[in-house]
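# Chains, contacts and geometry: an overview
Spelled out, the chains give:
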Amino acid sequence: MSAGKFITFEGIDGAGKSTHIAFVADLLRQRGKHVVTTREPGGTALGESLRELLLHEKMHLETEALLMFGARREHLAQVIDPALARGDWVISDRFTDATFAYQGGGRKLDRAKLEVLEKWVHPHRQPDLTLLFDVPLEVARMRLDTTRHLDKFEREKAEFFTATRAEYLRRAEQFPLRFRIIDSTLPIPDVHKKLEEIVASL
Ligand code: TYD
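In this text the structure is predicted, and so the values were computed from the model without any measurement. (Residues numbered from 1 in each chain as written. Predicted model: local features only at pLDDT ≥ 70, side-chain atom pairs only at ≥ 80, totals over all residues. Heavy atoms only, no water.)

## Here's the deal with the overall build of the chain
Cut-off, in case you're wondering: Strands are runs of DSSP state E lasting at least 2 residues, helices are runs of H or I lasting at least 4, and numbering of each runs from the N terminus. In this description the radius of gyration comes from C-alpha coordinates, and the expected globular size is given by 2.2 Å times residues to the power 0.38.
If you tally the helices and strands in the chain, you get eight helices and five strands. The N-to-C order of helical and strand elements in the chain reads β-α-β-α-α-β-α-α-β-α-α-β-α. The globule rule puts the C-alpha radius of gyration for 202 residues at 17 Å, and the 16 Å found for the chain is close to it. Reported as C-alpha extents along the three principal axes, the dimensions of the chain are approximately 45 × 40 × 35 Å.

Pasting the structure below:
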């Protein structure tokens, strides 16, 4: 059996990544792959409980980073590592790049501290492919469905998202082999075409 791959979806809130996850999962399934889709923070029962706290409770920014990595440890142990060991493909809606972008870029937590946690929690695991859905801030803000209750992050100011987006783009430059930047201002059929090309090249 051929080995599965670990694909992560990233982008600031409102970048539109979530709508494309099902599309990529379907593409892979059409190619006969067994696909597990999951998300962070979350993906396990404990992780989903932590997600509730992370998205709605005020906390120290280091507590936030530690809980993100705590949820991630459980996610790796219960879902990601076993699925990859079986040869499945794993698609995660966010992973460690989100912590660098949101807690590091947005909240300005020292990157070196996050690197320590990353080495602790997944010293030997990185995504094979990270799809970064990139949009200017104004577009992302327009896309946020403000009719529903916004979570703690979605209520952040423009400066927070400018810094978050900049850190995502910096990481894409730092890790060019695994990152693909998708211009998420393009019409959906164009984004799908791009995703089809990327999946075909895997
Ligand atoms: P998101 O993935 O956007 O889900 P939804 O589409 O349901 O709103 O929500 C998760 C939020 O958590 C998002 O605002 C980014 C934030 N987040 C971090 O700040 N750090 C992290 O490490 C992760 C995984 C997410």
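Following the structure, the description resumes.
## As for unusual backbone geometry
Omega for the bond connecting glutamate 40 with proline 41 falls within 30 degrees of zero, at -10°, which places this linkage in the cis form. With respect to the secondary-structure elements, proline 41 resides in the loop between β2 (35–39) and α2 (45–56). For arginine 94, which is not glycine, the phi torsion reads 85° and is therefore positive. Within the secondary structure, arginine 94 is located in the loop between β3 (89–93) and α4 (96–106). Of note, lysine 108 is a non-glycine position whose phi angle comes to about 70°, a positive value. Considering the arrangement of structural elements, one finds lysine 108 in the loop between α4 and α5 (111–121).

## Some thoughts on α2
For clarity, the cut-off: Expected span of a helix, by definition, is 1.5 Å for each gap between consecutive residues, and there is one gap fewer than residues. A 1.4 Å probe rolled over the protein chains alone gives each residue an accessible area, and that area as a share of the maximum for its type sets the label: buried under 20%, exposed over 50%, partly exposed in between. Directions drawn from the helix axis to the C-beta atoms are what define this arc. Whether two residues are in contact is decided by their heavy atoms: any pair within 4.5 Å suffices.
Taking 1.5 Å of rise per residue, 12 residues should cover 16 Å, and α2 covers 17 Å from first to last C-alpha, within 8% of that figure. If you check which residues of α2 are buried, you get Gly47, Leu50, Arg51, Leu54 and Leu55. An end-on view of α2 places all buried positions within 125° of arc, on one side of the element. Contacts from the buried residues of α2 go to β2 and α3 (61–86).

## A short note on the nonpolar core
Worth spelling out the cut-off: Note on terminology: a nonpolar core comprises buried Ala, Val, Leu, Ile, Met, Phe, Trp, Tyr and Cys residues joined through side-chain atoms within 4.5 Å.
Core analysis: the biggest nonpolar cluster contains 39 residues, and Ile91, Tyr102 and Leu131 have the highest contact counts within it. No other element matches helix α1 (residues 17–30), which puts six residues into this core. For isoleucine 91, the contacting residues outside a window of four places in its chain are Ile7, Phe9, Ile21, Val24, Ala25, Leu28, Val35, Val36, Thr37 and Thr38. Residues Val36, Ala83, Phe95 and Leu117 belong to the second largest nonpolar core, which totals 16 residues.

## Here we look at the sheet that holds strand β1 (residues 6–10)
Rules: Two strands qualify as a pair provided that DSSP identifies no fewer than 2 bridges between them. Only the stretch in contact is used when fitting a helix axis, every axis being a line fitted to C-alpha atoms; angles between N-to-C directions are given from 0 to 180 degrees.
The five strands are arranged β2-β3-β1-β4-β5 in an open sheet whose pairing can be described as parallel. Each edge of the sheet is formed by a strand with only one pairing partner; in this case those strands are β2 and β5 (179–183). For this sheet the average axis-to-axis angle between neighbouring strands, irrespective of direction, equals 20°. Pairing between strand β4 (residues 129–134) and β5: five bridges, direction parallel. Directly across from threonine 130, in β5, lies its bridge partner phenylalanine 179. With respect to the sheet, α1 is in contact with β1, β2, β3 and β4, its orientation differing from that of β3 by roughly 175°.

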